[in-house]
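The residues making up each chain are set out below.
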Amino acid sequence: MLFGLMVISPLNAYELPISMGEIPVGGNMKRVQNRLLLVAVIAALMAGCDSGGINIEPTTVDNSTNTGGGTNTPVTSYDGPCAYYEQGDGTIVHGDYNESKGNCEYQRDFVDAGNPLMHDITLATLADGGAHVFIGSLVIGQNYDSHADMQAAGITQGGDGAKLTIEPGVTVAFNSAAESLVINRGSQIFAVGTSSAPITVTSLSDVNGEISDPEAVGEWGGMVVNGFGVTNKCEYTGSVDDGDLAMADGECNVDVEGLIGDAVSNYGGENNADNSGKLSYFRVKHTGFDVVPGNELNGITFGAVGSGTVLENIQAYSTQDDGVEFFGGAVNMTNYVAMFVNDDSIDIDEGYRGTITNSLVIQGQSEGANCIESDGIGSYSSKDDDTIQDFIARGLNSRPTIDGLTCIISPVDGSDDPGAGWRFREAIFPTVINSMVVATFIAADTKSLNDNYCLRIDNEETLQGAEDGDIVLESNIFVCEEKTNGDALPGGQTIQAWAVANENIFADVTGAVDPTTNASTDLQVLQGATLPIFSVNISDMVVNDVPITITPKGNRAYLGALSESEANLDWTRGWAVGLDKNLWIAN
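Source: prediction; values computed, not measured.

1. Examining the sheet that holds strand 12 (residues 181-183)
- On the basis of which strands lie adjacent, the open sheet formed by ten strands has the order 9-12-15-23-25-27-29-31-33-35 and parallel pairing. Bordering the open sheet on either side are strand 9 (138-140) and strand 35 (482-485), each of which pairs with just one other strand. Between one strand axis and the next, the sheet turns by 5 degrees as a mean value, whatever way the strands run.

Shown next as C-alpha cells:
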C-alpha cells in the first residue's frame, strides 16, 4: 500500500511533494504537531495492511522556512542554508531561515552565554548578502576555570574544542550590546575572507540600516578570543627566554574583562605557540559594552592568544573601548586598520610578545585616546619592586614589536582620554620602528594639560629600559604640538633628547598644520590625495623645512603603514570600511 501527500506551505509559497515518512518541520509548532499526527495516522493504517514484512520507520526532514521569533527546532536531518549541529541523540539543531529578510536567525536555545556550542559549525555565505543573526551570544566551546577540568574534558591545546568556520563575505550580527562573540580556550575560529569578500561582525541595527552616524558605538558587545599563552597575571617558574617556563601550580585562569555571569571566560597557560585559528579580511564594527566603569568590551580582545594563530587584514571600526587589546600571549598581527576607536587603538598588557606589522590608525574628530597604550606587567601597582624586577629578569614583561605604524590622531578631549600618540609604562620594553604619529590636522584642545603628546614614557623601570637599550624606538617621525610627556631618564636625559639620539625626528608645529604635499613645504610626510594615508617617499619627506635624515630599518623601504610609491600594493583596498570618508580631517 502506497500513500502520497502534497503539502502547500504558506510560508514557502511553493509546493513540496512529500512521500510517506518525510515531512517538513518548521518553527510553527502547531503545524508540526498536526503533520506528525497525520504521519502517525498513516503509519497506523499501514500497520493493518499486508506490507510483505517491510517495516518502515518514519523520519523527519526540515525544508521549511521560519519567519523568525520561533525556536531552533531539533530534527533528524537538515539541508537549509543556516548553521546546524547534531546532538548526542542524533537530532539536529539549526538556525531558522527568514526568507523575507534573507537572514539566518539563531535563538538562545541554539547558542548563548549559558548554552555554549560544543560542536563544529559553519556560517555559510548566504544569497543576496543575508546575515547570520544571533539573538544571544555566540560562544564557541565550554569555558573552564581550571586546567585540571579542561584536561579531564580533553582540552589541552587549541583545536581540541569546537571550531567556528565563517565563509568569505559573511556578515554576523548581534541583537544588542549585551551579546558577544567568544572563542574559549581550546576552541578555534577560522574566519577567512578575501579583499573582495571580507567577513563582518556587527550589530543587527547596522544590518538593518538603522545607524546613521559612522562613529556609533555600543550597538553590540564585542569579540573575545582566549588561548593558552603566557600572561604575567599568573605565577610561573622558569624563564620565557630560557624556554623552561611552567605554571607554578599547573593553573593559570584569568577572567577576561567585559564579561560577567554566564558569559565569564578565562584565558592563560604556558604555551605562547598555541593556535586559536585564523582571522583574515575580518572586521568588527560598532562594538562596546560597559559592564561596570573601567570594565568594557573591546573591538577584539585577545586573551593569551598564541603565535600559532594567524591575524591578517583586521579592522576595528567604531568601538567604544579599545580597537584591539592583547593580554599576554604572542600572536602576531599583520595589516590592521583602526578607525573611530573611542579609547586606545592598540592596547598591550600582561607580557604580550607578538609583532604587529603595518597598522593604520585614524581617530575621529571628537573621540580617541592613545594610538598605543601599553603596559608591561598586569596589576603593576599592586606589585613590589622585587617582584617587578623578577618579572623583568625572567622575560615576563611585555616586549612587543611594532613595525610600520601610521597614527593620525585627534588631539582633543575624548570621552575616555585626550587624543594622543604612544604611551609606554609599567615595565614594558617595546620595539617600534618605521612609524609615525601625526596630530596636526586639527589643533590640540588640551595643550595646557600637556595631554596631546606624541610620545610618553612612564615609570622608573620603563625609563630605565630606555636608558639601557631595552626599549628600541628608531626611524620614527612625530608630528604633534606636544612632543613628549613623562619624566627624564634616570641619567637625566629628556625623552625627546633620547629619542632624537636614536634616529627619531620631531616636527616643530603650532596649531592645525596640514602635513601633506598639498600644503606648506616645510612639513610633508603624507601624500596630498583626497585621503592622505600614504606616506611620502623617503626622498621627498620634509620635516622642519629640511629633508629627513633617517632611513627605514629592516627590509622596509618606507615609513608608516602605506607607501605612496607602492600604492598598487595598498593592502587596505576593497575591504577596509570608512577609508572613503574624510570625517577625521577638519574643514
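That covers the picture; the talk isn't over yet.
2. Thoughts on the sheet that holds strand 39 (residues 546-547)
- Reading across from one edge, 37-38-39 is the order of the three strands in this open sheet, with antiparallel pairing throughout. The open sheet has two edge strands with one neighbour each: strand 37 (523-524) and strand 39.
- Direction of pairing for strand 37 relative to strand 38 (residues 542-543): antiparallel, over a ladder of two bridges. The residue of strand 38 that forms the bridge with Q524 is V542.

3. Focus on the side chain of T462
- Structurally, T462 can be placed in helix 5 (residues 460-468).
- Engagement of the side chain of T462 in a polar contact is seen with the backbone nitrogen of E426, the distance being 3.4 Å.
- Setting aside chain neighbours within four positions, we find T462 in contact with F424, R425, E426, A427, I428, I457 and I471.

4. Looking at helix 5
- The complete set of buried residues in helix 5 reads E461, T462, L463, G465 and A466.
- Packed against the buried residues of helix 5 are helix 4 (385-393), strand 31 (420-425), strand 33 (453-457) and helix 6 (495-501).
- Immediately downstream of helix 5, the backbone of G469 shows phi near 90 degrees, a positive value.

5. Focus on the side chain of D274
- The topology assignment puts D274 in the loop between strand 19 (266-267) and strand 20 (277-287).
- It is R185 that comes nearest to the buried, bridge-free D274 among opposite-charge side chains, at 8.2 Å.
- A distance of 3.1 Å separates a polar side-chain atom of D274 from the backbone nitrogen of F228.
- Those residues within four positions of D274 in sequence are excluded, and the remaining contacts are Q157, G158, G227, F228, G306, S307, G308 and T309.

Calculation criteria
Residues numbered from 1 in each chain as written. Predicted model: local features only at pLDDT ≥ 70, side-chain atom pairs only at ≥ 80, totals over all residues. Heavy atoms only, no water. Pairing = 2+ DSSP bridges. Helix = DSSP H or I, 4+ residues; strand = E, 2+ residues; numbered from the N terminus. Axes fitted to C-alpha atoms, helices over the stretch in contact; angles between N-to-C directions. Polar contact = N/O pair within 3.5 Å; in protein donor to acceptor, adjacent residues only side chain to side chain. Contact = heavy atoms within 4.5 Å. Buried < 20%, exposed > 50% of the residue type's maximum accessible area, 1.4 Å probe, protein only. Lys, Arg positive; Asp, Glu negative; His and termini not counted. Salt bridge = Lys/Arg side-chain N within 4 Å of Asp/Glu carboxyl O.

So far we have only geometry, and geometry alone does not tell us how the molecule works.
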